[in-house]
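Now for the letters of each chain:
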Amino acid sequence: MSEESDSGNFNSRRKFVLGMFGLGGGALLLRDTYLQVVREPFLMRQGDVRHLRTIPILAHRGMVLDRNRRPLAISTPVKSIWIDPAQNASSADLARLAGYLQLDPTHLQQRFKQAQGMSLQFMWVKRQVPPYVARNALAMKILGLGARTEYKRYYPMGEVGSHLLGFTNISGQGQDGLELEFDAWMAGASGSKQVVVDAYGQVVEDVQVVKPVQPGRNLATTIDQRIQYLAYVALEEMVRRCSATSGSVVVMDPRNGEIVAMVDQPSFNPNIRSDFHSRLYRNRAATDAFEPGSTMKPFTLSAALMSGQYTPSTKIDTSPGWYMLDGHTIKDDLDFGTIDLTQVLQFSSNVAASKIAITLPAKLMWGVFERAGFGQITHSGFPGEASGMLHNYLGWKQINQATIAYGYDISVTTLQLAEAYCAIANGGVRYPATFVRRNAHEPGIRVMPAKVANTIRHMLRSVITPQGTAYSARIPGYTVAGKTGTAYRVTSHGFSKHDFNAVFVGMVPASNPRLVAAVVVRSPQKQHFGGQVAAPVFQQVMSGAMRLWDIPPDDLKGLHQATGRHRA
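None of these values were measured; they are calculated from a predicted model. All residue numbers here refer to positions counted from 1 along the written sequence of the relevant chain. Reporting of local features is limited, given that this is a predicted model, to residues whose pLDDT is at least 70; pairs of side-chain atoms are given and counted only at 80 or more, and all residues count toward the totals for whole chains, interfaces and linings. Remark: hydrogens and water are excluded; side-chain values derive from all non-hydrogen atoms of the structure.

1. Observations regarding the overall build of the protein
No. 1: Within the protein, the secondary structure is distributed over 20 helices and 21 strands.
No. 2: Long-range contacts, defined as pairs at least 24 residues apart, comprise 71% of the intrachain contacts of the protein with a sequence gap of at least 6.
No. 3: The method behind every accessible area is Shrake-Rupley, applied with a 1.4 Å probe, and residues are considered shielded solely by the protein chains displayed. Total accessible area on the protein is roughly 26,600 Å²; 54% of this is exposed by carbon and sulfur atoms. Helix numbering and strand numbering both begin at the N terminus, where a helix is a DSSP run of H or I of at least 4 residues and a strand a DSSP run of E of at least 2. Contact criterion: two residues are considered in contact whenever any of their non-hydrogen atoms come within 4.5 Å of each other.

Here is the structure:
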């Protein structure tokens with residue numbers, strides 16, 4: 001009985017255990033069916049929320065290139081570290097992370113808590129760090145920490161091209177200069193992709209591209225990096241030597257309006273964000289207007305020649321070196337006596353220029369100035385470009401017409417001056433200034449008859465002689481034509497008697513101009529005449545440019561005299 005009883009109990013227990021296994025298996029099967037069929041959509045969504053992310057794919061910003069395809073601005077890949085506040089990283093981990101990234105731990109904690117309070121799932125920790133820094137940070141295995149690829153803008157020329165190129169913000173959007181003007185061209189369009197992330201928020205697998213990325217396009221400019229550097233060095237040296245407040249240089253090709261170089265002082269390094277101060281990064285060559293002084297006289301004399309009342313040999317009596325007009329004194333530095341129109345430019349006579357101007361129809365004179373581009377922006381597209389000031393001739397009084405003739409009661413920019421002189425250099429045809437190559441068949445704007453322009457250009461050669469005001473602008477082996485300007489600066493109390501703008505605008509070779517340069521040095525000390533301060537900058541820049549562009553000399557006699565050699 002005992003054995004039969006034990007056997008019966010064993011069978012009962014076995015059946016019970018097997019039954020429990022069966023019930024458990026059935027329950028699991030039912031639960032599996034419930035999860036796989038009934039709850040599948042919900043669970044899939046929750047899984048995706050926890051592990052599937054859609055992240056942006058940033059577009060690579062196009063490069064800025066010079067006319068010889070050398071890079072002026074490029075974007076390099078870097079890493080930016082972020083964190084998901086919803087993952088509840090510990091305070092100790094955040095402090096450890098802040099220490100490694102050289103951040104303020106308290107500030108990072110505050111930002112993290114604010115993001116949690118707003119139920120955010122994304123917060124930048126530190127942007128644009130080297131890839132190895134991001135790798136080391138991710139190796140800490142902090143909950144929710146991740147890194148994304150971004151692009152950092154780099155400018156190989158540093159401060160040499162800063163005013164021209166401008167800069168981008170940390171997100172790669174153009175903020176100033178060519179970066180701003182051509183932002184849409186270079187920016188491209190970002191895309192997006194789905195990825196799987198692990199518990200730490202790090203990407204473990206790419207799933208699919210949601211939106212393809214469109215890289216930005218390169219911007220090929222007309223700038224010559226080499227001449228840009230020459231201009232920067234020459235201007236920086238002169239501004240420092242003369243303790244000037246600022247200076248600008250613009251170099252252009254008169255045959256098509258291409259801007260070859262544009263520099264300013266003081267400057268800043270766009271690669272160092274701590275250098276970014278508004279007083280430094282304003283491009284004064286395009287944004288600062290000033291009264292140009294005697295550099296306006298060639299346009300006054302152009303109007304005189306066009307009137308038919310004057311020829312280059314017409315005589316003007318300037319004695320005794322001053323005269324009164326409408327209660328104002330107009331004077332020269334010296335009594336030049338009786339001079340012809342060429343000598344008006346050579347000696348830079350205010351008396352002669354003003355006497356000529358008041359005999360001309362105001363509409364004719366205004367028309368020459370207006371067609372030369374004064375009183376209007378150049379349409380180069382540079383952000384913030386100033387239009388300067390040229391009052392309509394209907395409001396001119398005789399004294400206005402007289403002072404405009406020698407560069408007062410009118411304001412211009414350095415870029416406008418360069419563009420206007422390009423018209424004289426190019427046989428009277430002006431091409432609007434441009435930073436990009438234009439269609440070769442695009443017509444220019446006729447400013448004055450070719451005969452008049454060529455005559456003025458020939459007359460301007462007399463300025464670059466021992467008797468002229470800009471002998472320091474001479475370039476051995478090349479003929480040079482140009483004009484100086486020395487103008488009082490305007491202060492809150494009127495014209496200063498001790499503060500000047502020194503200006504020179506010239507072209508070379510004068511026989512067939514290939515380049516035009518305008519130089520402005522503001523508030524120079526010790527020396528202040530255009531021939532002393534601005535003309536030497538022109539000479540240094542253009543003599544180098546002639547070699548770089550391999551332009552053959554057109555004045556071999558002058559070259560031999562300069563080197564002390566003479567023909568046999």
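Now, onward.
2. Focus on the packing of aromatic side chains
The description of an aromatic ring pair uses the distance of the two centres, along with the angle that the planes make with each other.
No. 1: Under the pairing criterion, centres of Phe, Tyr and Trp rings, with the six-membered ring standing for Trp, must be within 6.5 Å; the plane angle then separates stacked pairs below 30 degrees from edge-to-face pairs above 60, leaving the rest tilted. Under the definition given, this model contains 13 aromatic pairs.
No. 2: Ring geometry for F122 versus W124: centroids 4.9 Å apart, planes at 80 degrees, classification edge-to-face.
No. 3: Only protein chains enter the accessibility calculation, which uses a 1.4 Å probe; a residue whose area is less than 20% of its type maximum is buried, one above 50% is exposed, and one in between is partly exposed. The class for F122 is partly exposed, based on a relative accessible area of 27%.
No. 4: One aromatic cluster in this structure is built from F299, F369, F374 and Y421.

3. Observations concerning helix α12 (residues 297–307)
Counting along an α-helix, one turn takes 3.6 residues, and residues three or four places apart therefore face a common direction.
No. 1: Counted residue by residue, α12 has 9 buried out of 11 residues, so it is predominantly covered.
No. 2: Where α12 is concerned, the buried positions are K297, P298, F299, T300, L301, S302, A303, A304 and L305.
No. 3: Within two residues after α12, G308 carries a phi angle of roughly 85 degrees, on the positive side.

4. Thoughts on the layout of surface pockets
No. 1: Put simply, the largest pocket is a space of about 1,100 Å³.
No. 2: A cavity here means a set of points on a 1 Å grid, drawn over the protein atoms and nothing else, where a 1.4 Å probe fits but cannot get out; a pocket is an open set with protein on both sides within 12 Å along at least five of seven lines, and a residue lines either one if it has an atom within 4 Å of a point. Along its surface, the largest pocket is lined by 36 residues, and K331, N350, Y408, T486 and Y488 are the ones closest to its centre.
No. 3: Considered class by class, the residues forming the lining of the largest pocket number 12 nonpolar, 17 polar and 7 charged. Grid points are joined across faces, edges and corners, and a volume is the space filled by probe spheres set on the points. For this classification, Asp, Glu, Lys and Arg are treated as charged, while Ala, Val, Leu, Ile, Met, Phe, Trp, Tyr, Cys and Pro are nonpolar and the rest, including Gly, are polar.

5. Notes on the side chain of D332
No. 1: Of note, D332 is situated in the loop between β15 (328–331) and β16 (338–340).
No. 2: No salt bridge is formed by the buried D332; the nearest opposite charge belongs to K297, separated by 5.7 Å.
No. 3: Only 3.1 Å separates the side chain of D332 from the backbone nitrogen of V351, close enough to count as a polar contact.
No. 4: If we ignore the near neighbours within four places in the chain, the residues touching D332 are T318, G321, S348, S349, N350 and V351. His is not counted, nor are the chain ends; Lys and Arg add positive charge and Asp and Glu add negative charge. Criterion for a salt bridge: a side-chain nitrogen of Lys or Arg within 4 Å of a carboxyl oxygen of Asp or Glu. The definition of a polar contact used here is a pair of N or O atoms within 3.5 Å, where within protein one atom must be able to donate a hydrogen and the other to accept one, and adjacent residues in sequence count solely through side-chain atom pairs.

6. Description of the environment of G247
No. 1: One can find G247 in strand β11 (residues 246–253).
No. 2: Residue class for G247 comes out buried when judged on its relative accessible area of 0%.
No. 3: Taking the C-alpha atoms as reference, G247 lies 6.8 Å from L235; in sequence the two are 12 residues apart.

7. Overview of the pattern of salt bridges
No. 1: Overall, the coordinates contain 17 salt bridges when judged by the stated rule.
No. 2: The residue R61 makes a salt bridge to D183 at a minimum N-O spacing of 2.8 Å. With R61 in the loop between β1 (52–57) and β2 (64–65) and D183 in helix α8 (residues 183–187), the pair connects residues that are 122 residues apart, well separated along the chain.
No. 3: Between R255 and D253 there is a salt bridge, with its nearest N and O atoms 2.8 Å apart.
No. 4: Accessibility expressed as a relative area gives 40% for R255, which makes it partly exposed.

8. A word on the packing of α12 against helix α14 (residues 350–357)
No. 1: Running from amino to carboxyl end, α12 crosses α14 at an angle of 40 degrees, the nearest separation of the two axes being 10 Å. Judged by the sense of rotation from one axis to the other, the crossing of α12 with α14 is left-handed. Side by side, α12 and α14 meet where K297, T300, L301 and A304 of the first sit next to N350, A353, I356 and A357 of the second.
No. 2: In the contact of α12 with α14, the residues fall into 5 nonpolar, 2 polar and 1 charged. Fitted lines through C-alpha atoms give the axes, limited to the stretch in contact for helices. The angle between two N-to-C directions lies from 0 to 180 degrees. For any pair of crossing helices, the crossing counts as left-handed if the nearer helix is rotated counterclockwise from the farther one by less than a right angle, and right-handed if it is rotated clockwise.

9. Considering empty space enclosed by the protein
No. 1: Under the counting rule described, the total for this entry stands at 1 cavity of 30 Å³ or more.
No. 2: Lining the largest cavity are Q128, K152, R153, Y155, F167, T168, P270, N271 and R273.
No. 3: Of all the secondary-structure elements, those providing two or more residues to the lining of the largest cavity are β5 (145–154) and β6 (167–168).
No. 4: Tallied by class, residues from the lining of the largest cavity come to 3 nonpolar, 3 polar and 3 charged.

10. Description of the environment of G530
No. 1: Tracing the chain through its elements places G530 in helix α19 (residues 530–548).
No. 2: Between the C-alpha atoms of G530 and A470, which are 60 residues apart in sequence, the distance is 7.7 Å.
No. 3: Here G530 is in contact with T484, G485, T486, A502, V503, F504 and A535, once residues within four sequence places are set aside.

11. Observations concerning the pairing of β11
No. 1: Counting buried residues along β11, 8 of its 8 residues qualify, which places the element largely inside the surrounding structure.
No. 2: Where burial is concerned, the two faces of β11 agree: the one with S246, S248, V250 and M252 and the one with G247, V249, V251 and D253 are both buried.
No. 3: Note: β11 against strand β21 (residues 515–522), 7 bridges, orientation antiparallel. Bridge pairing in β21 links V250 to A518. Being paired, for any two strands, means DSSP has found at least two bridges between them.

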